[in-house]
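Commentary on secondary and tertiary structure
Each chain, written out:
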Amino acid sequence: MIHRWHVVALAALAAFALACDGAGRATPKPSGEPEPTRPAAGYPTSMVALGDSITAGLGACLAYVACARNSWSTGNNSAIQSHYQRILEKNGKIKGNADNLASPGAEADALDGQARRAIDRKPQYVTILIGANDACAGRVQDMTPVAAFREQIDDGLARLKKGLPKARVLMVSIPDLYRLWQVGREEPKAVEIWSQGRICPSMLAAPTSTAAADRKRREQVRDRIDDYNTALRQACREYGDRCRWDGGAAHRVRFDLDQLNQFDYFHPNAEGQKELADVVYPGRFNW
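Residues numbered from 1 in each chain as written. Predicted model: local features only at pLDDT ≥ 70, side-chain atom pairs only at ≥ 80, totals over all residues. Heavy atoms only, no water.

So, the overall build of the chain
- Counting secondary structure elements, the chain contains 13 helices and 5 strands.
- The burial tally for the chain puts 54% of its 287 residues in the buried class.
- Expressed as a percentage of contacts within the chain between residues at least 6 apart in sequence, the contacts between residues at least 24 apart total 75%.
- As presented, the chain carries roughly 12500 Å² of accessible surface, and 49% of it is formed by carbon and sulfur atoms. (Helix = DSSP H or I, 4+ residues; strand = E, 2+ residues; numbered from the N terminus. Buried < 20%, exposed > 50% of the residue type's maximum accessible area, 1.4 Å probe, protein only. Contact = heavy atoms within 4.5 Å. Areas by Shrake-Rupley, 256 points an atom, 1.4 Å probe, with all protein chains shown as cover.)

Right under this line is the structure:
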């Protein structure tokens, strides 16, 4: 959920990326690990993850860079039990066929471009988690308007539906950033990093302030995220029976500080990614 002005800073850490990332593609499991002899019915043989820095796994490894191997969606770290790994246990044909196209800094208007790239890979399963950056603006008035957000989501979904009419799509709700502020406001290190790093300033600026204006600002961001989630749910419903809404499961996760990385106290660490993978996993692919 890193915002645009942080993307430049990430470039300076790119040299560390190879140590933490897997270039976005799930790598095969080592030989000797068990795989099913007969694929379970309905489980996909390929998948793609779309979205922002949460799905990219920003800060989920040992450096503040994208870490696809720890992604809740396509990660291949056995500690995460990502959707890719859970599917692999049911259908070995998905082995190595999971691409992570999520990008730090992505807002809803990036979904259409990501969908274009996804279509080229012809996945049978697509996960989408996007929208936190639209709320994490420099000022409340700079947040993406709800109508524009919905239009951008619809554009991306329309492209997916046209290019991948048989793919199953999982639409994931935006996590609760107000909850994040609640659990971090009394942690001095989190307060320091939020303030110095300008992490999601619309919500996290002046995190210890109890002034009426700051309370109102946080509530406005909280309400905007609720509106975005409503738009995501409605867009998924209108997509048709090939799209499944997570029912608000990601938004209901009560992340604690020990589930966040200590680079920004904002993005999930490996433990947080594992929690996210668990709560939004659809279980069976029968929709």
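We are not done yet, so read on.
Looking at the confidence of the model for the chain
- On average, residues of the chain carry a pLDDT of 90, and 87% of them reach 70 or more.
- Long-range and interchain partners of residues 4-23, a stretch whose pLDDT sits below 50, account for 31 contacts in this model, where long-range means more than four residues apart.
- Within the model, pLDDT remains below 50 along residues 27-34, and this stretch shows 5 contacts once partners closer than five positions in the same chain are excluded. (pLDDT = per-residue confidence, 0-100.)

Regarding the packing of aromatic side chains
- Going through the model one piece at a time under the given rule, you end up with 8 aromatic pairs.
- Taking 5.7 Å as the distance between ring centres and 35 degrees as the angle between the ring planes, the aromatic pair formed by Tyr-64 and Phe-263 counts as tilted. Taken together, the positions of Tyr-64 in the loop between α3 (53-56) and α4 (83-90) and Phe-263 in the loop between α12 (249-252) and α13 (270-280) put the pair 199 residues apart, joining distant regions of the chain.
- Consider the rings of Tyr-125 and Phe-285, whose centres lie 4.8 Å apart with planes at 85 degrees: the pair is edge-to-face. Of this pair, Tyr-125 sits in strand β3 (residues 125-129) while Phe-285 sits in the segment after α13, and the two are 160 residues apart along the sequence.
- Take Phe-285: its relative accessible area is 5%, and that puts it in the buried class.
- An aromatic cluster is present here, built from Tyr-43, Tyr-125, Tyr-281, Phe-285 and Trp-287 joined pairwise through their rings. (Phe/Tyr/Trp six-rings, centres within 6.5 Å; stacked < 30°, edge-to-face > 60°.)

Quick notes on the pairing of strand β4 (residues 168-171)
- Residue alternation in β4 divides its side chains into two sets, Arg-168 and Leu-170 and Val-169 and Met-171, and both sets are buried.
- Two elements, β3 and β4, share 4 bridges in a ladder whose sense is parallel. Its bridge partner being in β4, Ile-128 is matched across the sheet by Met-171.
- Bridge analysis of β4 against strand β5 (residues 243-245) gives 3 bridges, and the strand direction is parallel. The residue bridging Val-169 from the neighbouring strand is Cys-243, located in β5. (Pairing = 2+ DSSP bridges.)

What about the side chain of Asp-214?
- Mapped onto the elements of the fold, Asp-214 is located in helix α11 (residues 212-239).
- Not counting residues up to four positions away in its chain, the partners in contact with Asp-214 are Ala-206 and Ser-209.

Notes on α4
- Within α4, 6 of the 8 residues are buried, leaving the element largely enclosed by the surrounding structure.
- Those residues of α4 that fall on the buried side of the exposure criterion are His-83, Tyr-84, Gln-85, Arg-86, Ile-87 and Leu-88.
- Buried positions along α4 lie against β1 (47-51), β2 (98-100), β3, β4 and α13.

Remarks on empty space enclosed by the protein
- As enumerated under the stated definition, the model contains 3 cavities of 30 Å³ or more in all.
- Put simply, the largest cavity is a space of about 120 Å³.
- Lining the largest cavity are 14 residues, with Pro-175, Asp-176, Leu-180, Phe-255 and Phe-266 sitting closest to its centre.
- No other element matches the 4 residues that helix α8 (residues 177-184) contributes to the lining of the largest cavity.
- Residue classes in the lining of the largest cavity are distributed as 12 nonpolar, no polar and 2 charged. (1 Å grid on protein atoms, 1.4 Å probe; cavity = no way out; pocket = protein on both sides within 12 Å on 5 of 7 lines; lining within 4 Å. Points joined across faces, edges and corners; volume = space filled by probe spheres on them. Nonpolar A, V, L, I, M, F, W, Y, C, P; charged D, E, K, R; others polar.)

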